[in-house]
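# Breakdown of the fold
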Amino acid sequence: MTAWLNHDRGPITEEKLLKAVNILADLVEEKGPAFRPLYLSLRQQLADLRLQQGAEAALATIAAQSGSKVA
């Protein structure tokens with residue numbers, strides 16, 4: 001447990017959220033509904049992260065296109 005406390009968490013990434021969702025899905029299957037609220041919360045965070053990344057990519061694309069259109 002001490003190693004975990006000193007662990008550098010770093011930024012939340014899609015890979016980390018996906019791993020957590022999969023672990024919690026297994027726990028929900030094995031241990032029952034006690035972990036379901038946390039599982040659903042993590043799924044929502046993953047969906048939100050994907051939406052945010054999609055919006056950022058779209059904005060970058062729009063900015064690149066408007067920057068290249070010089071009158």
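Read on for an overview of the structure.

Conventions adopted
Residues numbered from 1 in each chain as written. Predicted model: local features only at pLDDT ≥ 70, side-chain atom pairs only at ≥ 80, totals over all residues. Heavy atoms only, no water. Helix = DSSP H or I, 4+ residues; strand = E, 2+ residues; numbered from the N terminus. Buried < 20%, exposed > 50% of the residue type's maximum accessible area, 1.4 Å probe, protein only. Salt bridge = Lys/Arg side-chain N within 4 Å of Asp/Glu carboxyl O. Core = buried A, V, L, I, M, F, W, Y, C linked by side-chain atoms within 4.5 Å. Contact = heavy atoms within 4.5 Å.

On to the environment of Leu-38, then. Looking at where Leu-38 falls in the secondary structure, it is placed in helix α3 (residues 36-68). Given a relative accessible area of 47%, Leu-38 falls into the partly exposed group. In sequence terms Leu-38 and Ala-25 are 13 residues apart; their C-alpha atoms lie 9.8 Å from each other.

So, on to the pattern of salt bridges. Under the criterion given, the structure shown has one salt bridge. The partner of Glu-14 in a salt bridge is Arg-50, and the shortest N-O contact between them spans 2.7 Å. Separated by 36 residues along the polypeptide, Glu-14 in helix α2 (residues 14-31) and Arg-50 in helix α3 bring together distant segments of the chain. Owing to a relative accessible area of 29%, Glu-14 belongs among the partly exposed residues under this scheme.

For the rest of this paragraph, the subject is the nonpolar core. Core analysis: the biggest nonpolar cluster contains nine residues, these being Leu-17, Val-21, Leu-24, Ala-25, Val-28, Tyr-39, Leu-42, Leu-46 and Leu-49. Mapped by element, the contributors of at least two residues to this core are α2 and α3. The leading source of residues in this core is α2, at five residues. Not counting the four nearest positions on each side in its chain, Val-21 is found in contact with Tyr-39, Leu-42, Arg-43 and Leu-46.

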